[in-house]
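Tertiary structure, described
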Amino acid sequence: MASKIAALTLGYIGISYHVLLAALLVGIVDLPAISGYFEVTFNVMVIVFIAMGFDFKAAMAAAKHAA
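Residues numbered from 1 in each chain as written. Predicted model: local features only at pLDDT ≥ 70, side-chain atom pairs only at ≥ 80, totals over all residues. Heavy atoms only, no water.

We now examine the overall build of the chain. Across its full length, the chain carries 3 helices and 0 strands. Start at the N end of the chain and walk to the C end: the helices and strands fall as α-α-α. Taking 2.2 N^0.38 as the reference for a compact globule, 67 residues should give roughly 11 Å; the C-alpha atoms of the chain span a radius of gyration of 17 Å, well beyond that estimate. C-alpha extents for the chain along the principal axes are approximately 55 × 15 × 15 Å. A total of 67 residues make up the chain; the buried ones form 21% of that total. Summarising the internal contacts of the chain: among those between residues at least 6 apart in sequence, 68% fall at separations of at least 24. Total accessible area on the chain stands at roughly 5100 Å², and carbon and sulfur atoms take up 76% of it. (Helix = DSSP H or I, 4+ residues; strand = E, 2+ residues; numbered from the N terminus. Rg over C-alpha atoms; globule rule 2.2 N^0.38 Å. Buried < 20%, exposed > 50% of the residue type's maximum accessible area, 1.4 Å probe, protein only. Contact = heavy atoms within 4.5 Å. Areas by Shrake-Rupley, 256 points an atom, 1.4 Å probe, with all protein chains shown as cover.)

This is how it looks when you write it as structure tokens:
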């Protein structure tokens, strides 16, 4: 489940990054305001770190019991 959450979050980040970049290039969003949008988008990366922490913890426990 943690891997699915991380994958969906990374997918969201990838899509939103490209949408924001396109909005910047087209002129929908001006340059000073774009940093705030990117900051919010990349703050979601914390969800990936937390989700993968649980996944790595489970993998380490399984490797410890297998060895």
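This part covers the side chain of Thr41. On the secondary structure map, Thr41 appears in helix H2 (residues 31-43). Discounting chain neighbours no more than four positions away, the residues touching Thr41 are Ile13, Ser16 and Leu20.

Moving on, we get to the packing of helix H1 (residues 2-26) against H2. As a packed pair, H1 and H2 sit with axes 10 Å apart at the nearest point and diverge in direction by 175 degrees. When the interaxial angle is binned, H1 and H2 end up roughly antiparallel. Contacts between H1 and H2 pair Ile13, Ser16, Tyr17, Leu20, Leu21 and Leu24 from the former with Leu31, Ile34, Tyr37, Phe38, Thr41 and Phe42 from the latter. Split into classes, the residues belonging to the contact of H1 with H2 amount to 10 nonpolar, 2 polar and no charged. (Axes fitted to C-alpha atoms, helices over the stretch in contact; angles between N-to-C directions. Parallel < 35°, antiparallel > 145°, perpendicular 65-115°, else oblique. Nonpolar A, V, L, I, M, F, W, Y, C, P; charged D, E, K, R; others polar.)

In this section: the environment of Ser35. Residue placement: Ser35 occurs in helix H2. Here the side chain of Ser35 touches Pro32 through a polar contact of 3.5 Å, landing on its backbone oxygen. (Polar contact = N/O pair within 3.5 Å; in protein donor to acceptor, adjacent residues only side chain to side chain.)

Nothing here speaks to function; it is all geometry.
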